[in-house]
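Descriptive structure summary
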Amino acid sequence: MFVVMARTASEAEILGVKSHILAEGMTPFDHEGSERTVIAVVGEVGPRKQELMSRLSGLPGVEQVTPISRPFKLTSREFHPEDTVIRVLDAVIGDGGLTMMAGPCSVETRDQLMETADAVAAAGATILRGGAFKPRTSPYSFQGLGVEALRYLAEARDRTGLPVITEVMEPNQVDIIAEYADIVQIGTRNMQNYSLLNAVGRVARPVMLKRGYGATIEEWLMAAEYIVSSGNPNVILCERGIRTFETATRNTFDISAIPVVKKLSHLPIIADPSHGAGRRDMVAPMARAAVAAGADGLIIEVHNDPDHALSDGAQSMFPSQFDRLMAELRIIAPAIGRSICLEAVARR
Ligand code: PEP
Ligand code: MN
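These remarks concern the structure in this document.

With respect to the coordination of the manganese ion (ligand 2)
Taken together, Cys105 (SG), His275 (NE2), Glu301 (OE) and Asp312 (OD) make up the protein donors of the manganese ion (ligand 2), found 2.1 to 2.4 Å from the metal. Linear spacing of the donor residues for the manganese ion (ligand 2) on their chain is C-x169-H-x25-E-x10-D. Of this pair, histidine 275 sits in helix H9 (residues 273-277) while glutamate 301 sits in strand S14 (residues 297-301), and the two are 26 residues apart along the sequence. A relative accessible area of 1% places glutamate 301 in the buried class.

Written out as structure tokens, the structure is:
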């Protein structure tokens, strides 16, 4: 349930409601909107619901108490009507601009990362991606350089000025990754790894949560709810394609998830057409479509030598292709009222 405070409610009245909720063994989360404060009551309320609702309705400063049927609460638009805006160094996600994350699937060598980082930065990317710990379907595939890759990513950030995003696979990696990276990524295979979700909920870094390839949008938002309810409000959702009966593409890129999420949630959504399509020639059309559908940004795999990449080479763009895509997006984005964040470019 949500407790909607009156416009005129005082600090003391808001505090009074929160103490009441705590005394009931529930957790209050308040959101101070531009007009009024809304307090979400989170926890298992059980059969006491009606009684608790009427008790909270009678407290000073309360305008109304509304039950919510949706299972996700803190990530819902009802609780937080304005878009969540996340800032990392010079990059902004969710402010109406288009955030461009790009880089290799995996960090393979220092030279490979620096060369690719320079190319995507020059093309206008605002965030650098690169996997250090890789979740591979086969145990015999390249598993990532680990901490060595984190050091290269930090060096690439110093060199280009771009904040870096990299994947975390286990709760015990969260601290070391947060030490080097600006955004931590949860991959599709871990979307419902609840101990990992709770662990990133306690870290002072934004988290990009990829949609599980077999997850519904509601399950995805519930996974985001774990992170936010553990204390981290800075969650970015990422649509990366789902598994369907279709085999022509690696996954089925669910573009309709973008407007659905925009309606249900205040969290920003990034689209990943690289994993969605799985084929280099399909990445640009899917990227253009995702932007037109309202995505807050894209994450694109780019490699300086994709034909020799150690992971996801078939879907990795050549730097020149990424450069062309950026030029196309500079036309599409303004046509739908978005700009491409150029702060990082202007600073160089
Ligand atoms: C990746 O970003 O390289 C990755 C492994 O993505 P996903 O979890 O979407 O497969
Ligand atoms: Mn990849």
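Regarding the site of ligand 1
In the vicinity of ligand 1, the contacting residues are Cys105, Arg129, Lys134, Glu167, Gln185, Gly187, Thr188, Arg189, Lys210, Arg240, His275 and Glu301. One of the side-chain N or O atoms of arginine 189 is found 3.3 Å from an oxygen atom in ligand 1. Taking arginine 240, its side chain carries an N or O atom lying 2.7 Å from an oxygen atom of ligand 1. Here ligand 1 loses 98% of its free accessible area of 300 Å² to cover by the protein chains. Across the shell around ligand 1, the residue classes tally to one nonpolar, four polar and seven charged.

So, the sheet that holds strand S8 (residues 127-129)
Reading around the barrel, the eight strands line up as S7-S8-S9-S10-S11-S12-S13-S14 and close back on themselves, with parallel pairing between neighbours. Between one strand axis and the next, the sheet turns by 25° as a mean value, whatever way the strands run. As paired elements, strand S7 (residues 99-103) and S14 share five bridges and run parallel to each other. From the neighbouring strand, methionine 100 faces S14, where its bridge partner is leucine 298. Seen against the sheet, helix H7 (residues 217-229) touches strand S11 (207-210), strand S12 (235-239) and strand S13 (269-271) and runs at an angle of roughly 160° to S12. Sheet strands touched by helix H10 (residues 280-292): S13 and S14. Its angle to S14, the strand with the most contacts, is close to 165°.

Points about helix H4 (residues 147-160)
Along its 14 residues, H4 runs 20 Å from first to last C-alpha, staying within 8% of the 20 Å computed at 1.5 Å per residue. Ala149, Leu150, Tyr152, Leu153, Ala154, Ala156, Arg157 and Thr160 are the residues of H4 that are buried. Where the residues of H4 are buried, they touch helix H3 (110-123), S8, strand S9 (164-167) and helix H5 (174-180). Taken from the residues just after H4, glycine 161 is the one with a positive phi, measuring 85°.

Notes on the pattern of salt bridges
Counted according to the given criterion, the structure contains 22 salt bridges. A salt bridge links glutamate 155 to arginine 110, with the nearest nitrogen and oxygen atoms 2.4 Å apart. Residue glutamate 155 is found in helix H4, and its partner arginine 110 is found in helix H3; the two are separated by 45 residues along the sequence. Relative accessible area serves as the criterion here: at 29%, glutamate 155 is assigned to the partly exposed category. Here the salt bridges do not stand alone but share partners, grouping Glu24, Arg48, Glu51 and Arg55 into one network.

Here we look at unusual backbone geometry
With a phi close to 45°, leucine 89 is a non-glycine residue in the positive phi region. Inspection of the secondary structure puts leucine 89 in the loop between strand S5 (86-88) and strand S6 (91-93). Under the relative-accessibility criterion, leucine 89 is labelled exposed at 53%.

Concerning the sheet that holds strand S2 (residues 27-32)
Here we have four strands laid out as an open sheet, ordered S2-S3-S1-S4, and antiparallel in their pairing. The outermost strands of the open sheet, each flanked by one partner alone, are S2 and strand S4 (62-66). When the angles between neighbouring strand axes are averaged without regard to direction, this sheet yields 20°. In the sheet, S2 pairs with strand S3 (residues 37-42) via six bridges, with the strands oriented antiparallel. If you follow threonine 27 over to S3, its bridge partner there is valine 42. Helix H2 (residues 49-57) rests against strand S1 (2-5), S3 and S4 of the sheet, and its axis sits at about 165° to S4.

About the cut-offs
- Residues numbered from 1 in each chain as written.
- Chains lettered and ligands numbered in written order.
- Predicted model: local features only at pLDDT ≥ 70, side-chain atom pairs only at ≥ 80, totals over all residues.
- Heavy atoms only, no water.
- Donors = N, O, S within 2.8 Å, 3.2 Å for Na, K, Ca; no water.
- Helix = DSSP H or I, 4+ residues; strand = E, 2+ residues; numbered from the N terminus.
- Buried < 20%, exposed > 50% of the residue type's maximum accessible area, 1.4 Å probe, protein only.
- Near = heavy atom within 4 Å.
- Polar contact = N/O pair within 3.5 Å; in protein donor to acceptor, adjacent residues only side chain to side chain.
- Areas by Shrake-Rupley, 256 points an atom, 1.4 Å probe, with all protein chains shown as cover.
- Nonpolar A, V, L, I, M, F, W, Y, C, P; charged D, E, K, R; others polar.
- Pairing = 2+ DSSP bridges.
- Axes fitted to C-alpha atoms, helices over the stretch in contact; angles between N-to-C directions.
- Contact = heavy atoms within 4.5 Å.
- Expected span 1.5 Å × (residues − 1).
- Salt bridge = Lys/Arg side-chain N within 4 Å of Asp/Glu carboxyl O.

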